[in-house]
Every structure is written in structure tokens, then in C-alpha cells.
Amino acid sequence: MFKSFFPQPKLFFTSTAIWSILAIVFWYTMGEDLGAAFGMPPVPVNDAPEVGISTFWSPAFLWFYIYFALITLIFAAFWFWYQPHRWQMWSVLGSALILFTTYFQVQVSVAINNWYGPFWDLVQQAVSQSAPVTAEQFYGQIAIFLGIAMVAVAVAVMTRFFVSHYIFRWRTAMNEYYMSQWPKLRRIEGASQRVQEDTMRFSSTVEGLGVSFIDSIMTLIAFTPVLMRLSQNITELPLVGEIPYPLVTAAILWSLFGTVFLALVGIKLPGLEFRNQRVEAAYRKELVYGEDHADRAEPMTVAELFDNVRRNYFTLYFHYLYFNIARIFYLQINNIFSLLILAPSIIAGKISLGALNQISGAFGQVTSSFQYLVSSWPTIVELLSIYKRLRAFEKAIDNQPLPEIDQHYLEREARGGELEADRPT
């Protein structure tokens with residue numbers, strides 16, 4: 001799954017994580033300030049953030065682009081030298097490009113959140129008539145948002161185009177690897193499906209979950225300081241009272257509760273999804289054999305296989321029933337949670353409408369970062385089932401014992417399956 005596309009996967013991903021941590025630590029300790037030597041000083045912490053599209057080519061942003069490119073080229077050059085790989089341009093540099101566009105999209109979210117403050121304060125002034133507001137001011141703020149939105153759309157479209165090619169290259173790498181081992185794999189249950197379908201599903205699902213995870217980490221890094229800055233006037237929480245950094249603390253505790261709660265509720269789903277793939281494949285393969293052989297796909301055999309499909313689906317439906325009740329209920333409460341903890345400050349009139357929208361936006365971004373498992377759990381369940389199927393598939397390549405369900409299938413084939421000579425040419 002991985003070594004077909006990445007050079008020495010275990011070492012590669014370990015070194016990627018270590019290199020990324022070192023690069024982040026260096027950036028926040030020394031690297032950010034080094035830009036001043038090239039006329040690109042960082043934005044002072046206490047200064048109000050720049051609002052508008054120009055923030056993306058401000059000196060601080062340009063210096064980070066250069067820094068990211070240097071870090072990436074150093075890392076890629078090492079791997080190109082240490083372990084050359086056929087797919088290294090896509091797996092190493094392509095992954096770095098996806099990482100950068102993910103960072104950029106997070107910064108777009110920060111830019112929009114910064115726009116919330118002046119825009120909604122302007123709306124509050126107009127509605128309450130506390131200060132004169134002209135049409136030029138109002139439409140000027142709308143124009144600022146549209147500028148940011150156009151950048152977001154352009155980057156998202158180009159990223160999606162590149163990611164589509166990235167996923168297909170990964171699928172191609174897996175397909176070539178498995179087909180080179182086809183004599184060992186052809187007798188495994190659902191071998192054709194695993195090569196044709198599971199490889200595509202695995203690469204696209206891993207890419208999606210990986211990008212979501214990186215996005216969550218970057219969002220957390222970007223929005224936690226924003227939330228701390230915006231919560232200067234928030235000193236207490238309902239039922240709790242005064243605590244340090246109340247909004248950040250509330251976001252962490254609420255997200256951890258949701259993650260642990262839903263992980264426990266959905267603990268049985270991965271195994272059921274995995275078995276669902278098995279019974280579907282067994283049923284489908286018997287029908288395919290029945291197209292060419294009169295002694296296959298007999299009514300009793302097909303009925304038994306379909307009964308396995310039915311029972312597994314009905315069990316899956318039941319477990320998803322209570323899981324979705326818990327998940328949707330939690331997410332609905334999450335929509336108003338920030339308003340609940342801000343209730344004392346709203347009632348006391350300590351925050352303006354613009355600040356309220358900024359805090360709600362930043363709070364939502366921070367909680368969504370901590371809720372990665374909550375939002376991604378159904379996809380993680382699907383990925384685990386695909387991984388189990390492909391991992392069992394690869395055991396045949398490594399001459400390792402197959403899982404019990406695969407051994408059962410091969411035994412059934414040996415007892416009553418079609419002979420090699422009977423296979424259609």
C-alpha cells in the first residue's frame with residue numbers, strides 16, 4: 001500500500017514528522033525573525049491583523065513561503081539521494097505541495113475571520129445608528145470579502161485538480177506492484193476487486209484523512225492565538241467561574257469529551273464494515289462464476305451467501321443507528337456551544353457584534369480541530385476495513401498466514417471450487 005509509492009515508508013513518515021517538528025520549532029524560535037534580514041519582518045503580536053487580500057503577499061507571508069520552500073527542498077534532496085524511488089516526485093514533492101496548499105487554505109480562513117470583526121461592527125453601527133455608515137464603507141467591506149473568496153476558490157480548484165492526479169498516481173503504483181505479484185494473489189477472495197477498487201479507495205481515503213488531519217493541526221496552530229487574543233474580555237465560564245484562558249479551555253474540554261464519547265459509541269463499526277466487504281465480495285464472486293459455469297451460483301449457495309450479506313447489513317444498520325444519534329446530537333449542541341459559554345459576556349454587554357462573530361468563528365475552528373476524530377470517524381471506519389482487506393492481500397505476497405476468513409475461502413475453493421482447467425480463457 002505504501003512502499004509502492006513512498007520510499008521506505010516507515011522511515012520516510014518518521015523522518016517527515018521529525019523534520020516537520022524541527023522546522024516548526026525553528027520557525028517560532030528563530031526562523032520567523034530571520035526574515036528581517038531580507039526586509040521581511042514578522043507581524044508584531046500586539047498589532048491588529050491586516051484585513052484583506054493583500055495579507056497573502058505581505059512581507060511576513062512571503063518570508064514564510066520562502067522558508068517552506070527551502071525546508072521542503074532540503075528534505076526532498078536527502079531522500080532523492082538516500083533512497084531514489086520511481087514515484088519520488090509525486091510522493092515527496094507532491095505531498096509537500098498538498099501540505100502547503102492546506103496551510104494556505106487555513107490562512108484564508110484566518111483572513112475571513114479577521115474580516116468578521118470590522119464588518120459586523122460596521123453592521124452594528126448601522127443598525128443601532130451609533131455612528132454614520134456610508135454605502136461606500138459597506139460595499140468596501142463586501143469587496144474585501146470577495147477578494148479573499150476569489151483567492152480561496154482559485155487555490156481550492158487548483159488543489160483539487162492536483163490531488164486528483166496525485167491519487168491516481170498512488171493507485172497506479174499500487175496496481176503495478178500487486179499485478180507484479182498476481183500469481184500469488186489470484187486465488188485470494190476478491191483479488192480482482194482489491195486490485196481494481198480497493199487501491200483507488202485506499203489512496204483517496206488516506207489522502208483525504210491525511211489532509212484533514214494536517215488541516216486540523218494547522219488550524220489549531222493558527223486559531224488558538226487568535227482565540228486567546230479575542231477572549232481578553234472573557235474572564236469566566238457559566239457554572240465554572242473564572243479560569244485562565246476560559247475559551248481555549250472550554251474548546252479543549254468540549255472537543256475531548258466528544259472525541260472519547262463517540263469513539264466509545266462507535267467502537268464496533270470497523271469490524272462490521274470489514275466483514276461487510278468480505279460477505280459482499282464472496283456473494284459477488286459466486287455470481288460471476290455462475291455466469292460461465294452451470295454448477296456454480298446454485299440457488300441454495302447463493303441464498304446462503306446473500307443471507308450473510310443481509311445479516312451483516314442489518315447488524316451494521318443497528319449499530320449505526322445509535323452511533324448517528326449520539327454523533328448528530330453532539331454536533332447540533334456544538335453549533336450553539338460557543339453562545340452558551342459566551343452568554344454571561346453577551347448579557348453583560350462586554351463584547352460587540354463583530355467581536356462575537358470573530359470569537360464564534362475562531363472557537364468553531366479550534367473545536368473542529370480537536371474534533372477531528374468526531375467528524376472523520378465514519379471515514380476512518382471505512383479506511384480500516386479497506387486496510388484490513390489490502391493487508392491480508394499482502395500477506396500472500398510475503399508468504400505469511402492469511403486471516404481465518406481468507407483461509408476458509410481457499411478451503412472452500414479447494415473442496416468444491418472450479419478447477420484451473422475449467423477457468424474461462
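Remember, predicted model here, so these are calculated numbers, not experimental data.

Caption draft 1: Expanded view of the overall build of the protein chain. The helix and strand tally for the protein chain stands at 12 helices and 2 strands. In sequence order, the secondary structure elements of the protein chain are arranged as α-α-α-α-α-α-β-β-α-α-α-α-α-α. For the protein chain, restricting intrachain contacts to residue pairs at least 6 apart in sequence, the fraction spanning at least 24 positions comes to 79%. Total accessible area computed for the protein chain in this model is approximately 22,800 Å², and 67% of it derives from carbon and sulfur atoms.

Caption draft 2: The arrangement of the pattern of salt bridges in detail. Inspection of every chain in the model, using the stated rule, returns 1 salt bridge. With its nearest N and O atoms 2.5 Å apart, the salt bridge here joins E176 to R86. Of this pair, E176 sits in helix 4 (residues 135-180) while R86 sits in the loop between helix 2 (59-82) and helix 3 (88-128), and the two are 90 residues apart along the sequence. With a relative accessible area of 34%, E176 lands in the partly exposed category. With relative accessibility at 62%, the residue R86 sits in the exposed group.

Caption draft 3: Examining unusual backbone geometry more closely. Phi is positive for Q8, close to 40°, though the residue is something other than glycine. The residue Q8 is located in the segment before helix 1 (9-34) in this model. With a relative accessible area of 33%, Q8 lands in the partly exposed category.

Caption draft 4: Up close: helix 2. Across its 24 residues, helix 2 extends 35 Å between first and last C-alpha, which sits within 8% of the 34 Å expected from 1.5 Å per residue. Regarding helix 2, the residues found buried are A60, F61, W63, F64, Y65, Y67, F68, I71, T72, F75, A76 and W79. Among the structural elements, helix 1 and helix 3 are those in contact with the buried residues of helix 2.

Caption draft 5: Representation of a nonpolar patch on the surface in the model. Residues I24, Y28, F213, I217 and I221 make up a contiguous nonpolar surface patch of about 460 Å² in total accessible area. For the nonpolar patch, the secondary structure elements donating two or more residues are helix 1 and helix 6 (191-230). The dominant element in the nonpolar patch, judged by the number of residues it contributes, is helix 6, at 3 residues. For F213, the position within the fold is in helix 6.

Caption draft 6: Region of the structure containing the confidence of the model for the protein chain. Summarising the model, the protein chain shows a mean pLDDT of 77, and 79% of its residues fall at 70 or more. The least confident element of the protein chain is helix 12 (residues 404-416), whose mean pLDDT is 53; the most confident is helix 2, at 91. Below a pLDDT of 50 lies the segment residues 417-425, which in the model reaches 14 contacts outside its immediate sequence neighbourhood of four places, other chains included.

Caption draft 7: Representation of the nonpolar core within the structure. Formed by 53 residues in total, the largest nonpolar core has its most connected members in F56, L227 and I359. Sort the elements by how many residues they give to this core and helix 9 (residues 299-348) lands first, with 8 residues. With sequence-adjacent residues up to four places away left out, F56 is seen in contact with F61, Y65, F104, Q107, V108, A111, I148 and V151. Residues M1, Y166, M174 and L390 belong to the second largest nonpolar core, which totals 28 residues.

Caption draft 8: Here's a closer look at the side chain of Q141. Mapped onto the fold, Q141 is located in helix 4. Not counting the four nearest positions on each side in its chain, Q141 is found in contact with W115, P118, F119 and L122.

Caption draft 9: Quick peek at the packing of helix 2 against helix 3. Taken N-terminus to C-terminus, the directions of helix 2 and helix 3 make an angle of 160°; their axes are 10 Å apart at the nearest point. Considered as vectors, helix 2 and helix 3 are oriented roughly antiparallel to each other. For the pair helix 2 and helix 3, the sense of crossing is right-handed. Between helix 2, through F61, F64, Y65, F68, T72, F75, A76 and F80, and helix 3, the contact on the second element is made entirely by Q88, M89, V92, L93, A96, L99, F100, Y103, F104 and Q107. Of the residues contributing to the contact of helix 2 with helix 3, the split by class is 15 nonpolar, 3 polar and no charged.

Reading the values: rules and limits
Along each chain, numbering runs from 1 in the same order as the chain's sequence is written. Reporting in this predicted model follows two pLDDT cut-offs: at least 70 for local features of residues, and 80 or more for side-chain atom pairs to be given and counted; totals over whole chains, interfaces and linings ignore these cut-offs and use all residues. Side-chain metrics rest on all non-hydrogen atoms present in the structure, leaving aside hydrogens and water. Numbered from the N terminus, helices here are DSSP runs of H or I no shorter than four residues, and strands are runs of E no shorter than two. By definition in these notes, contact holds between two residues if any of their heavy atoms fall within 4.5 Å. For the accessible areas, the method is Shrake-Rupley and the probe is 1.4 Å, while residue cover comes only from the protein chains on display. What makes a salt bridge here is a side-chain nitrogen of Lys or Arg within 4 Å of a carboxyl oxygen of Asp or Glu, nothing more. Exposed residues in this analysis have more than 50% of their type's maximum accessible area, buried residues have under 20%, and partly exposed residues fall in between, with area computed by a 1.4 Å probe over protein chains only. Helix span, expected: 1.5 Å multiplied by one less than the number of residues in the helix. Each patch is built from residues lacking any salt bridge and having more than 30% relative accessible area; the joining distance is 9 Å for like charges and 5 Å for nonpolar side chains (Val, Leu, Ile, Met, Phe, Trp, Tyr). A residue's pLDDT is the confidence the predictor assigns to it, expressed on a 0 to 100 scale. Nine residue types can take part in a nonpolar core, namely buried Ala, Val, Leu, Ile, Met, Phe, Trp, Tyr and Cys, and a core is a set of them joined through side-chain atoms within 4.5 Å. Lines fitted to the C-alpha atoms define the axes, with helices restricted to the stretch that makes contact. Angles between their N-to-C directions range from 0 to 180 degrees. Roughly parallel refers to an angle under 35 degrees, roughly antiparallel to one over 145, roughly perpendicular to one between 65 and 115, and oblique to any angle outside these ranges. Handedness of a crossing is defined here by the sense of rotation of the near helix relative to the far one, left-handed for an anticlockwise turn of less than a right angle and right-handed for a clockwise turn. Classification used: nonpolar for Ala, Val, Leu, Ile, Met, Phe, Trp, Tyr, Cys and Pro, charged for Asp, Glu, Lys and Arg, polar for all others including Gly.

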